[in-house]
Amino acid sequence: MMASWNGVIGYYRKFLPVTERTPVVTLQEGNTPLIHAKRLAAHICPGCELYIKVEGSNPTGSFKDRGMTLAVSKSLENGAKAIMCASTGNTSASAAAYGAKAGLPVYVLVPAGNIALGKLAQAIMHGAIVVQVEGNFDQALNIVKELCQEYDYELVNSINPFRLEGQKTAAMEVCDQLGFAPTYHVLPVGNAGNITAYWKGYQEYFSAGQISTLPKMMGIQAEGAAPLVKGMVIEHPQTIASAIRIGNPASWHGALEAVRASDGVIEMVTDEEILDAYRLVAREEGIFCEPASAASLAGVRKLYSAGCLTTGGTVVCTLTGHGLKDPDTAIGICAPPLRVNATRDDVMAALER
Ligand code: F0G
């Protein structure tokens, strides 16, 4: 794959709604690692084959790039004057980068004070116009929907169907890498587009004869932002996993349908469970993800303890975003490194402490 890899539209073109006339805007997203996580499995799901799909390895550090290459390419094809989104951070970073590559203006609305530092840096650095809204993601998305109806801006949140088309390639890639479909696919759920997209990808691969079984889809929400688990809109969602701090997911129906049709589950985990998994995967597997991503691993641990995962099953967990996006959370939960005088003895004393 490596020598000729030219992004997900290039590789999965026949499954995607593009033609020769579509100008392909790509940063060579996709083809991300699928890592066999044996050490972590011993802690959270002994007896299962645990694999991690490292979506933080995409060009802007999250899975959003798979959807954004499609959404931005189609925006160009359709003559959009600008692209716009609401975001908890990653969508804005991805839109800003792909918009820059396409030469389109990018407008993004983010919840003030509630997006990780690295994501804000990305959006600003790529030249997007970033507006911090005194409210949450759900409120920002409502405003974006209104403005995109009124003006000639292309909305690039996951309610844009091209976003899900692009994101479904992650499911196909997992099957290509494993050689078969997993027994379970576990992923964090916020606005619920990604789980909807994965299920679409698995189903299309099944229909195309590329796989002979379908996985059970397991969606994991943060306890303070778990509208799908609780069956009601959460007015004031709260969680340390700011990426999934969403109370009224746009793809509500798609997510529940994926879970129902695949005989999966929708579950929630506490912030403490998220942070435990966040630290554990970094220490046991050398993979640094952002807190929201670790919700999927915390979910595996909880589902396994509850007897919901069969021993011997193949469990694929998507880690949706890179840990470097949110250095504040990482530094906040670890002891700061010791600081000593620049002498051999002081350094040795510190190491032995
Ligand atoms: N993980 C990360 C790191 C995310 O950024 C998001 C969503 C999710 C999981 C959940 O995916 O919304 O498809 O269910 N981030 C969006 C954003 C909302 O604006 O960046 P989902």
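The structure reproduced in this document is the subject of the present report. Since this is a predicted model, take the numbers as computed values, not measurements.

### Quick notes on the site of the ligand
For step 1, the next point in the chain: Asn-90, Asn-191, Ala-192, Asn-194 and Thr-320 are the nearest of the 19 residues found near the ligand.
For step 2, the next point in the chain: Contacts to the ligand include Gly-190, whose backbone N or O atom sits 2.8 Å from an oxygen atom.
For step 3, the next point in the chain: Take Asn-194: an N or O atom from its main chain is 2.8 Å from an oxygen atom of the ligand.
For step 4, the next point in the chain: Burial of the ligand by the surrounding chains reaches 99%, relative to a free accessible area of 470 Å².
For step 5, the next point in the chain: Only α4 (90-102) and α9 (193-207) provide two or more residues apiece to the shell around the ligand.
For step 6, the next point in the chain: Here the shell around the ligand is composed, by residue class, of seven nonpolar, 10 polar and two charged.

### What about the packing of helix α8 (residues 169-178) against α9?
For step 1, the next point in the chain: Interhelical geometry of α8 versus α9 gives an angle of 50 degrees and a closest axis separation of 6 Å. Taken together, α8 and α9 sit at an angle that is classed as oblique. Here α8 runs over α9; the crossing is right-handed. Contacts from Ala-170, Ala-171, Met-172, Val-174, Cys-175 and Asp-176 of α8 reach α9 at Tyr-198, Gly-201, Tyr-202, Glu-204 and Tyr-205.
For step 2, the next point in the chain: Residues belonging to the contact of α8 with α9 are distributed by class as follows: eight nonpolar, one polar and two charged.

### Observations concerning the side chain of Thr-196
For step 1, the next point in the chain: Summarising the element assignment, Thr-196 is placed in helix α9.
For step 2, the next point in the chain: Look at Thr-196 and you get buried, because its relative accessible area is 17%.
For step 3, the next point in the chain: A polar side-chain atom of Thr-196 sits 3.3 Å from the main-chain amide nitrogen of Ala-255.
For step 4, the next point in the chain: Apart from the residues within four sequence positions on either side, Thr-196 is in contact with Leu-164, Ser-251, Gly-254 and Ala-255.

### Section: a nonpolar patch on the surface
For step 1, the next point in the chain: Together, Leu-338, Val-340, Val-347, Met-348 and Leu-351 line one region of the surface with nonpolar side chains, adding up to about 430 Å² of accessible area.
For step 2, the next point in the chain: Structurally, Val-340 is set in the loop between α14 (327-333) and α15 (344-352).

### Some points on the sheet that holds strand β6 (residues 153-155)
For step 1, the next point in the chain: Read across the sheet, four strands follow the order β5-β4-β3-β6 without closing on themselves; strand pairing throughout is parallel. In this open sheet, the two strands that pair with only one neighbour each are β5 (129-133) and β6. Along the sheet, successive strands turn relative to each other by an average axial angle of 25 degrees, direction set aside.
For step 2, the next point in the chain: Pairing geometry for strand β4 (residues 106-111) and β5, over five bridges, is parallel. Residue pairing across strands places Val-110 opposite Gln-132, the latter belonging to β5.
For step 3, the next point in the chain: In the packing of helix α6 (residues 137-150) onto the sheet, the strands contacted are β3 (82-86), β4 and β6, and the crossing angle to β3 comes to about 155 degrees.

### Brief notes about unusual backbone geometry
Working note: non-glycine residues mostly have negative phi, and peptide bonds are mostly trans.
For step 1, the next point in the chain: Positive phi, normally seen in glycine, also occurs at Gln-28, with a value near 65 degrees.
For step 2, the next point in the chain: Residue position: Gln-28 is located in the loop between α1 (8-12) and β1 (34-36).
For step 3, the next point in the chain: Classification of Gln-28 as partly exposed rests on a relative accessible area of 47%.
For step 4, the next point in the chain: A positive phi angle, close to 75 degrees, is found at Ala-192, a residue other than glycine.
For step 5, the next point in the chain: Mapped onto the secondary structure, Ala-192 falls in the loop between β7 (184-188) and α9.

### Topic: the packing of helix α12 (residues 271-285) against helix α13 (residues 291-305)
For step 1, the next point in the chain: Interhelical geometry of α12 versus α13 gives an angle of 100 degrees and a closest axis separation of 7 Å. Taken as axis vectors, α12 and α13 run roughly perpendicular relative to one another. Where α12 abuts α13, its residues Glu-273, Ile-274, Asp-276, Ala-277, Tyr-278, Leu-280 and Val-281 lie against Pro-291, Ala-294, Ala-295, Leu-297, Ala-298 and Arg-301.
For step 2, the next point in the chain: Within the contact of α12 with α13, the residues separate by chemical class into 10 nonpolar, no polar and three charged.

Each value, and the rule that gives it
Residues numbered from 1 in each chain as written. Predicted model: local features only at pLDDT ≥ 70, side-chain atom pairs only at ≥ 80, totals over all residues. Heavy atoms only, no water. Near = heavy atom within 4 Å. Polar contact = N/O pair within 3.5 Å; in protein donor to acceptor, adjacent residues only side chain to side chain. Areas by Shrake-Rupley, 256 points an atom, 1.4 Å probe, with all protein chains shown as cover. Helix = DSSP H or I, 4+ residues; strand = E, 2+ residues; numbered from the N terminus. Nonpolar A, V, L, I, M, F, W, Y, C, P; charged D, E, K, R; others polar. Axes fitted to C-alpha atoms, helices over the stretch in contact; angles between N-to-C directions. Parallel < 35°, antiparallel > 145°, perpendicular 65-115°, else oblique. Left-handed = near helix turned anticlockwise from the far one by under 90°. Contact = heavy atoms within 4.5 Å. Buried < 20%, exposed > 50% of the residue type's maximum accessible area, 1.4 Å probe, protein only. Patch = residues over 30% accessible without salt bridge, like charges linked within 9 Å, V, L, I, M, F, W, Y side chains within 5 Å. Salt bridge = Lys/Arg side-chain N within 4 Å of Asp/Glu carboxyl O. Pairing = 2+ DSSP bridges.

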